[in-house]
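If you want the building blocks of each chain, they are given just below.
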Amino acid sequence: MPRFAANLSLMYTELPFLERFAAAARDGFTAVEYLFPYAHPAEELAQQLQAHGLQQVLFNAPPGGRTAQAMSSAWDAGMRGTLCIPGQEDAFRAGVLQALAYAKVLHCPRVHVMAGFAPQGASEATLHATALANLAWAAPLAADCGVTLMLEPINHRDMPGYYLHTQAQAHTLVQSLGSAQVKVQMDLYHCQISEGDVATQLRHYLPTGRVGHIQIAGVPERHEPSVGELHYPYLFEVLDALGYDGWVGCEYRPRAGTSEGLGWLRTWQQGQS
């Protein structure tokens, strides 16, 4: 049965951030992920994890900025990563170092490095080469910390102009790099919107060993996975059949209260017991 992690950036938003850890544990989650930890000291977050018996399984590197203050405000400023952007190599490196410092304290084995918006006029070859060079620099540092770097294709409806938007793009980068320290973060919500045929995509890519994390949400509104056009009970069975034993991040926006919307999870767990 898939192992589910609560995404504390999108779930439990009715509570202050530091109170979301306890709420997730009360609802039976044993792992969490979220977008960014940088608004809080790493030690403060580690205390929450320890107090509530939770594992940190994923967070994002800063989406931009060269100083700690700039990194903390980069998302709100509209930045969405620097991996592919020529001339932003110093910001990428600063962000990776900041993320790995947090990962060490939080014992987090995965960090998502956001690709960024493709600059107007930049060729695909230039963007690919920039991303590849940045990853080649970052991968050995991540290996030293026991961290796997994640690349996530994001659909162009939610994030127009984002460089990585197909599974093939991300997998081509991983294959070109040839490092086990970089894998693909396969968000089935984004996959459905960008490409569809999700079960076939899972059957194609999971056996490669290049998928390091999976996320879910209902399509198209990004609500609970029990709502919308994707039939997740079937996809969970596909994951089981393929032997996927990693985490499944619940990166969705509850319609009306997080705990009240977890019926889909309880139903699935009861059906598997």
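Everything in this summary refers to the structure shown in the same document. (Residues numbered from 1 in each chain as written. Predicted model: local features only at pLDDT ≥ 70, side-chain atom pairs only at ≥ 80, totals over all residues. Heavy atoms only, no water.)

Summary: where empty space remains is shown by rolling a probe the size of a single water molecule over the atoms. Approximately 310 Å³ is the volume found for the largest pocket. For the largest pocket, the lining is made up of 21 residues, of which Leu35, Trp75, Met159, Arg222 and Glu251 are closest to its centre. Across the lining of the largest pocket, the residue classes tally to eight nonpolar, six polar and seven charged. A volume near 260 Å³ is recorded for the second largest pocket. Forming the boundary of the second largest pocket are 13 residues, of which Leu35, Phe36, Ala39, Ser72 and Trp75 lie nearest the centre. The residue makeup of the lining of the second largest pocket, split by class, is eight nonpolar, three polar and two charged. (1 Å grid on protein atoms, 1.4 Å probe; cavity = no way out; pocket = protein on both sides within 12 Å on 5 of 7 lines; lining within 4 Å. Points joined across faces, edges and corners; volume = space filled by probe spheres on them. Nonpolar A, V, L, I, M, F, W, Y, C, P; charged D, E, K, R; others polar.)

To continue, consider the packing of aromatic side chains. A complete count under the given rule lists 13 aromatic pairs for this structure. Arranged with centres 6.3 Å apart and planes meeting at 85 degrees, the rings of Tyr38 and Phe59 form a pair that is edge-to-face. Of this pair, Tyr38 sits in the loop between strand E2 (31-33) and helix H2 (42-51) while Phe59 is found in strand E3 (residues 55-60), placing the two residues 21 residues apart along the sequence. Tyr38 gets classed as buried once you look at its relative accessible area, which sits at 8%. Ring pairing ties together the aromatic residues Phe4, Tyr232, Phe236, Tyr252, Trp264 and Trp268, which thus form one cluster. Above the face of the Trp247 ring, Arg3 is positioned so that its terminal group lies 4.2 Å from the ring centre. (Phe/Tyr/Trp six-rings, centres within 6.5 Å; stacked < 30°, edge-to-face > 60°. Helix = DSSP H or I, 4+ residues; strand = E, 2+ residues; numbered from the N terminus. Buried < 20%, exposed > 50% of the residue type's maximum accessible area, 1.4 Å probe, protein only. Lys NZ or Arg CZ within 6 Å of the ring centre and 35° of its normal.)

Side-chain alternation along strand E8 (residues 247-250) places Trp247 and Gly249 on one buried face and Val248 and Cys250 on a second face that is also buried. Two elements, strand E1 (residues 3-7) and E8, share four bridges in a ladder whose sense is parallel. In the sheet register, Ala6 faces E8, and the bridge partner there is Cys250. Looking at chain direction, strand E7 (residues 211-216) and E8 are connected through three bridges and run parallel. Each bridged residue has a counterpart across the sheet, and for Ile214 the counterpart in E8 is Val248. Following the backbone out of E7, through helix H9 (residues 232-241) and into the adjacent parallel E8, one traces a crossover that is right-handed. (Pairing = 2+ DSSP bridges. Right-handed = clockwise from strand over helix to strand, strands pointing away.)

Below, the discussion takes up the packing of helix H5 (residues 124-144) against helix H6 (residues 167-177). At a closest axis distance of 10 Å, the pairing of H5 and H6 adopts a crossing angle of 55 degrees. When the axes of H5 and H6 are compared, the pair comes out oblique. As for how H5 packs across H6, the hand of that crossing is right-handed. Listed contacts from H6 to Glu124, His128, Ala131, Leu132, Leu135 and Ala136 of H5 are Gln169, Thr172, Leu173, Ser176 and Leu177. Of the residues belonging to the contact of H5 with H6, the class tally is six nonpolar, four polar and one charged. (Axes fitted to C-alpha atoms, helices over the stretch in contact; angles between N-to-C directions. Parallel < 35°, antiparallel > 145°, perpendicular 65-115°, else oblique. Left-handed = near helix turned anticlockwise from the far one by under 90°. Contact = heavy atoms within 4.5 Å.)

Glancing now at empty space enclosed by the protein. For the structure on display, the rule yields one cavity of 30 Å³ or more. The volume enclosed by the largest cavity comes to roughly 50 Å³. As for the largest cavity, its lining consists of Ala61, Pro62, Thr82, Phe92, Gly95, Val96, Val113 and Met114. The class makeup of the residues in the lining of the largest cavity is six nonpolar, two polar and no charged.

Remember that the coordinates give geometry; whether it matters functionally is a separate question.
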